[in-house]
Amino acid sequence: MQMDEDNVEAFHREGVLLSPNRLSDLDVDILLAELEYLRDETESSALEADGRTVRALHGCHRKSSVFDALTRLPTLLSPAVQLLSAQVYLYQLKVNLKAPFVGDVWPWHQDYSFWSGEDGMPSQRALTAAVFLDDVTEFNGPMYFIPRSHQDGCLDQPPLPVKDPLEWQSNFSSTLRYQTSAEHVAEMVRRFGLLAPKGPRGTVLFFHCNVVHASPSNVSPAPRRIVFITYNSTENLPRVLRRPEFLVERYAEPLKLFPGESLTPAPRL
Ligand code: SIN
Ligand code: MN
């Protein structure tokens, strides 16, 4: 499921692209049902500040064949290969749950700061596909992007000292370890403006690993669950493997396309 040249160009120029293709309602239902099974998994989950509400689940593809299949759907994998001009493997998969009333902010940052700073990822040949599992509106904490900000390269501040006893979690709390300074954000917003892509459940959004982004808290009664699937070039393997495997996938063979357009198994004849 290749993208047309205009979309490819728009991704490289803007650093963020709403895909023309989306997942079906049935596929979203299948993913949500699978999430219910996975949310009791505590080792790889991060909690909100209340210490109770699950903020994020990591590495779902390692526990669930449904999430594994999702990463290989043509709707996601073909554009990832095309946009990175490389064979790709799955670097990271997480689901951010942004619970009603409780889901906290994600401060301004660039993803590549984490992957370079924590894992020694050599270059910026990685991108993320975000799959909306709920309708994302202006009310339930949509992501904010500074389009074109990836063109300025990696600008984040030096990492903040780690406060959490479980070190990896400090990269997933609302006080992120790597952040883009307010000065940089203000200056780039003056030049490039802001985007808050919204859309119905099933929407797919691709974004560059250096595009500056954030999201506000969710004070609405509606959840905002999004799966984040990060694809990396097989020629861009991290040099430091100290974070857990549910955050940094070690299996780096090129992903093989799922044999079907959707998660729904084809009916038997
Ligand atoms: C992220 O930047 O990794 C997550 C942002 C969000 O869930 O809004
Ligand atoms: Mn991010």
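Right above here is the structure, for reference.
Source: prediction; values computed, not measured.

About the thresholds
- Residues numbered from 1 in each chain as written.
- Chains lettered and ligands numbered in written order.
- Predicted model: local features only at pLDDT ≥ 70, side-chain atom pairs only at ≥ 80, totals over all residues.
- Heavy atoms only, no water.
- Pairing = 2+ DSSP bridges.
- Helix = DSSP H or I, 4+ residues; strand = E, 2+ residues; numbered from the N terminus.
- Axes fitted to C-alpha atoms, helices over the stretch in contact; angles between N-to-C directions.
- Buried < 20%, exposed > 50% of the residue type's maximum accessible area, 1.4 Å probe, protein only.
- Contact = heavy atoms within 4.5 Å.
- Donors = N, O, S within 2.8 Å, 3.2 Å for Na, K, Ca; no water.
- Lys, Arg positive; Asp, Glu negative; His and termini not counted.
- Salt bridge = Lys/Arg side-chain N within 4 Å of Asp/Glu carboxyl O.
- Near = heavy atom within 4 Å.
- Polar contact = N/O pair within 3.5 Å; in protein donor to acceptor, adjacent residues only side chain to side chain.
- Areas by Shrake-Rupley, 256 points an atom, 1.4 Å probe, with all protein chains shown as cover.
- Disulfide = S-S within 2.5 Å.
- 1 Å grid on protein atoms, 1.4 Å probe; cavity = no way out; pocket = protein on both sides within 12 Å on 5 of 7 lines; lining within 4 Å.
- Points joined across faces, edges and corners; volume = space filled by probe spheres on them.
- Nonpolar A, V, L, I, M, F, W, Y, C, P; charged D, E, K, R; others polar.

This paragraph deals with the sheet that holds strand 6 (residues 126-132). Strands belonging to one sheet form pairs held by backbone hydrogen bonds; the direction of such a pair is parallel or antiparallel. In space, the seven strands of this open sheet follow the order 1-8-6-10-4-3-2, with antiparallel pairing throughout. A single partner strand is all that each edge strand has here, and the edge strands are strand 1 (16-18) and strand 2 (45-47). Here the average twist between neighbouring strands, direction ignored, is 20 degrees. Where strand 6 meets strand 10 (residues 226-233), seven bridges bridge the pair, whose relative direction is antiparallel. Note on strand 10: the bridge partner recorded for Ala 129 is Ile 229.

Turning our eyes to something else, we now look at the environment of Val 248. Looking at the element boundaries, Val 248 is found in the segment after strand 10. Overall, Val 248 belongs to the buried group, its relative accessible area being 1%. Look past the residues within four positions of Val 248 in its chain and what remains in contact with it is Tyr 91, Asp 119, Pro 238, Leu 241 and Arg 243.

Moving on: the coordination of the manganese ion (ligand 2). Each protein donor to the manganese ion (ligand 2) is listed here as His 109 (NE2), Asp 111 (OD) and His 213 (NE2); together their distances run 2.1 to 2.2 Å. Look at where the donors of the manganese ion (ligand 2) fall in the sequence and you get H-x1-D-x101-H. According to the relative accessible area criterion, His 109 is buried, its value standing at 5%.

With respect to the helices and strands, the residue Arg 224 is situated in the loop between strand 9 (213-215) and strand 10. Asp 134 provides the closest opposite charge to the buried, unpaired Arg 224, separated from it by 7.0 Å. Beyond its immediate stretch of four places on either side in the chain, Arg 224 contacts Asn 96, Leu 97, Lys 98, Asp 134, Val 136, Asn 140, Gly 141, Pro 142, Met 143, Ser 215 and Asn 218.

Attention shifts here to unusual backbone geometry. Its identity is not glycine, yet Ser 85 carries a phi of approximately 45 degrees, on the positive side. With respect to the helices, strands and loops of the structure, Ser 85 is situated in the loop between helix 5 (74-84) and strand 4 (88-96). The phi torsion at Lys 98 lies on the positive side, around 35 degrees, for a residue other than glycine. Looking at the element boundaries, Lys 98 is found in the loop between strand 4 and strand 5 (106-109).

Around ligand 1 sit Lys 94, Asn 96, Trp 106, His 109, Met 143, His 213, Ser 215, Arg 224 and Phe 228, and that is every residue in its neighbourhood. Between an oxygen atom of ligand 1 and a side-chain N or O atom of Trp 106, the distance comes to 3.5 Å. Between ligand 1 and His 213 there is a distance of 3.0 Å, counted from an oxygen atom to a side-chain nitrogen or oxygen. Relative to its free-state accessible area of 260 Å², ligand 1 is covered by the protein chains to the extent of 97%.

Take the pairing of strand 6 next. For strand 6, the buried fraction is high: seven of the seven residues fall into the buried class. Summarising the sheet, strand 6 and strand 8 (residues 204-208) pair through five bridges and their orientation is antiparallel. Across the sheet, residue Val 131 finds its bridge partner in strand 8, namely Val 204.

Right, let's talk about the state of the cysteines for a bit. By the definition in use, this model includes zero disulfides. The cysteine Cys 154 is free of any disulfide, with Cys 209 supplying the nearest cysteine sulfur at 8.2 Å.

This next bit is on the environment of Tyr 231. Relative to the helices and strands, Tyr 231 resides in strand 10. For Tyr 231 and Leu 90, which are 141 residues apart along the polypeptide, the C-alpha to C-alpha distance reads 4.8 Å. There is a polar contact of 2.7 Å between the side chain of Tyr 231 and the backbone oxygen of Thr 71.

Let us look at empty space enclosed by the protein. One pass over the structure, following the stated rule, counts two cavities of 30 Å³ or more. By volume, the largest cavity is sized at about 270 Å³. Together, 21 residues line the largest cavity, and Lys 94, Trp 106, His 109, Asp 111 and His 213 are the ones closest to its centre. Among the elements of the structure, strand 4, strand 5, helix 6 (111-119), strand 9 and strand 10 are those that each provide at least two residues to the lining of the largest cavity. Residue composition of the lining of the largest cavity, by class: nine nonpolar, eight polar and four charged. Of the pockets and cavities examined, the second largest cavity occupies roughly 40 Å³.

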